[in-house]
Amino acid sequence: MPRRVALGGADGERPPVARPALLAVDFDGTIKGPGKLVSRRLIHRLIRLRRADTKLVLVTGRCMSELEQLIDISLFDAIVAENGTIVLIDGKKKLLAPRSWGPVRAKLLRHFERGCEEVVISLDREQEARASRVVKDMAKIELNKNRIMIMPKGLDKSSGLAVAIEGLGAEGSVASIGDGENDLSMFRASDYRVALENSVDSLKREADYTATLPNGEGVVEAIDFLFSSD
């Protein structure tokens, strides 16, 4: 059975802390299950949170062009894409990779197929061993369940989320919800950490609360717990 722990208190109690001012959520395996659409029930929850002045940030490994085909990005105050290397606020996109990354990425792409990404190189997990041999110390490799991402050192979901929070001028506590290994950095930048039934074990171990349901249903469960007074 998944671990279900109340935030900051005994199981089943409301956390003795202020309502989160900002909610950061992952996309694949979190608000969207494999081969499914984002549920209307979850969309309604997100709309209700924004109306209650909660800042919403989507933090994902996806590229922007894919994301825009899968969800209405206007549901969110900010988008952190490509695993923390791109931030979009009010239609303004900021690439966070250092200028030196361009030549390094071009060199690495000689060995791998180019995808839709502007900054990272996203590959199937089965290419992990080969990627490690090619990348060496030129970049870092982030794991994300059945995917890996080759990306600049020093960047991750945590650093991207920090840029989004600053850009939004958000103040107060941060809650985050994720499912994969690459969400561990986002957890470290959060006050409340929520895993789902389908999250990897390493994320569940770091979570303050683990939902009993997977994917979008688990996100609805977590939102109802975190914002039960709304």
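Scroll up to find the structure.
Okay, so let's go over this structure. Think of each chain on its own: its residues are numbered from 1, step by step along the sequence as written. Where local features are concerned, this predicted model is filtered to residues with pLDDT of at least 70; where side-chain atom pairs are given and counted, the filter is 80 or more; whole-chain, interface and lining totals use all residues. Note that water and hydrogens are dropped before the side-chain values are worked out from all heavy atoms of the structure.

## A short note on the overall build of the protein chain
- Within the protein chain, the secondary structure is distributed over 8 helices and 11 strands.
- Put simply, the radius of gyration uses C-alpha atoms, and a globule should come to 2.2 Å times the residue count raised to 0.38. For 230 residues, the compact-globule estimate of 2.2 N^0.38 gives 17 Å, and the C-alpha radius of gyration of the protein chain, at 17 Å, lies within 12% of that figure.
- Going through the 230 residues of the protein chain one by one, you find that 53% of them count as buried.
- Residue contacts follow a heavy-atom distance rule, with two residues in contact if any of their heavy atoms lie within 4.5 Å. A fraction of 56% describes how many contacts in the protein chain between residues 6 or more apart in sequence connect residues 24 or more apart.
- The Shrake-Rupley method, run with a 1.4 Å probe sphere, supplies the accessible areas, and residue values consider only the shown protein chains as cover. As displayed, the protein chain has an accessible area near 10900 Å², and 48% of this comes from carbon and sulfur atoms.
- Computed over 35 positive and 34 negative side-chain charges, the separation of the two mean positions in the protein chain equals 3 Å. In this description a helix means any DSSP run of H or I spanning at least four residues, a strand means any run of E spanning at least two, and both kinds are numbered starting from the N terminus. Each residue's exposure class comes from its accessible area (1.4 Å probe, protein chains only) as a fraction of the maximum for that residue type: buried when under 20%, exposed when over 50%, partly exposed otherwise. Here the positive residues are Lys and Arg and the negative ones are Asp and Glu; neither His nor the chain ends is included. Here the site of a charge means atom NZ of a Lys, CZ of an Arg, CG of an Asp or CD of a Glu.

## Considerations on the packing of helix H1 (residues 40–51) against helix H8 (residues 215–226)
- Helix axes are fitted to C-alpha atoms over the stretch in contact, other axes to C-alpha atoms as well, and angles between N-to-C directions run from 0 to 180 degrees. In the contact formed by H1 and H8, the axes pass within 9 Å of each other and the chain directions differ by 35°. In the crossing of H1 with H8, the sense of the turn from one axis to the other is left-handed. Touching Arg41, Leu42, Arg45, Leu46, Arg48 and Leu49 of H1 are Gly216, Val219, Val220, Ile223 and Asp224, all from H8.
- We call Asp, Glu, Lys and Arg charged. Ala, Val, Leu, Ile, Met, Phe, Trp, Tyr, Cys and Pro are nonpolar, and the rest, Gly among them, are polar. Class assignment of the residues belonging to the contact of H1 with H8 gives a composition of 6 nonpolar, 1 polar and 4 charged. Left-handed describes a crossing whose near helix is turned anticlockwise from the far helix through less than a right angle; right-handed describes the clockwise counterpart.

## Digging into the sheet that holds strand E4 (residues 86–89)
- An order of E5-E4-E3-E2-E1-E9-E10-E11 is seen for the 8 strands of this open sheet, with the pairing classed as mixed. Of all strands in the sheet, those with a lone pairing partner are strand E5 (92–95) and strand E11 (209–210), marking the two edges.
- The rule for pairing is simple: two strands pair if DSSP sees at least two bridges between them. Summarising the sheet, strand E1 (residues 22–25) and strand E9 (residues 174–178) pair through 4 bridges and their orientation is parallel. Directly across from Val25, in E9, lies its bridge partner Ile177.
- Helix H5 (residues 157–168) rests against E1, strand E2 (55–59), strand E3 (78–81), E4 and E9 of the sheet, and its axis sits at about 25° to E4.

## A look at the environment of Ala189
- By the secondary structure assignment, Ala189 is in the loop between helix H6 (184–188) and strand E10 (192–195).
- Overall, Ala189 belongs to the partly exposed group, its relative accessible area being 31%.
- Sequence separation between Ala189 and Ser159 is 30 residues, and the spatial gap between their C-alpha atoms is 8.4 Å.

## Let's talk about helix H3 (residues 101–108)
- Residues of H3 that are buried include every one of Trp101, Arg105 and Leu108, and no others. Taken end-on, H3 shows its buried residues confined to a sector of 60°, consistent with a single buried face.
- Elements in contact with the buried residues of H3: strand E6 (121–124), helix H4 (128–135) and strand E8 (147–151). Of all possible arcs, the one meant is that of the directions from the helix axis to the C-beta atoms.

## Observations regarding the pairing of E8
- Of all 5 residues that make up E8, 4 are buried, and the element is covered over most of its length.
- Inspection of the sheet shows E6 paired to E8 by 4 bridges, in the antiparallel sense. Bridging from a neighbouring strand, Ser122 pairs with Met149 of E8.
- One ladder, built from 5 bridges, connects strand E7 (residues 140–144) with E8; its direction is antiparallel. In the sheet register, Leu143 faces E8, and the bridge partner there is Ile148.
- What sits between E7 and E8 in their antiparallel hairpin is a turn of 2 residues, with Lys145 showing a positive phi close to 55°.

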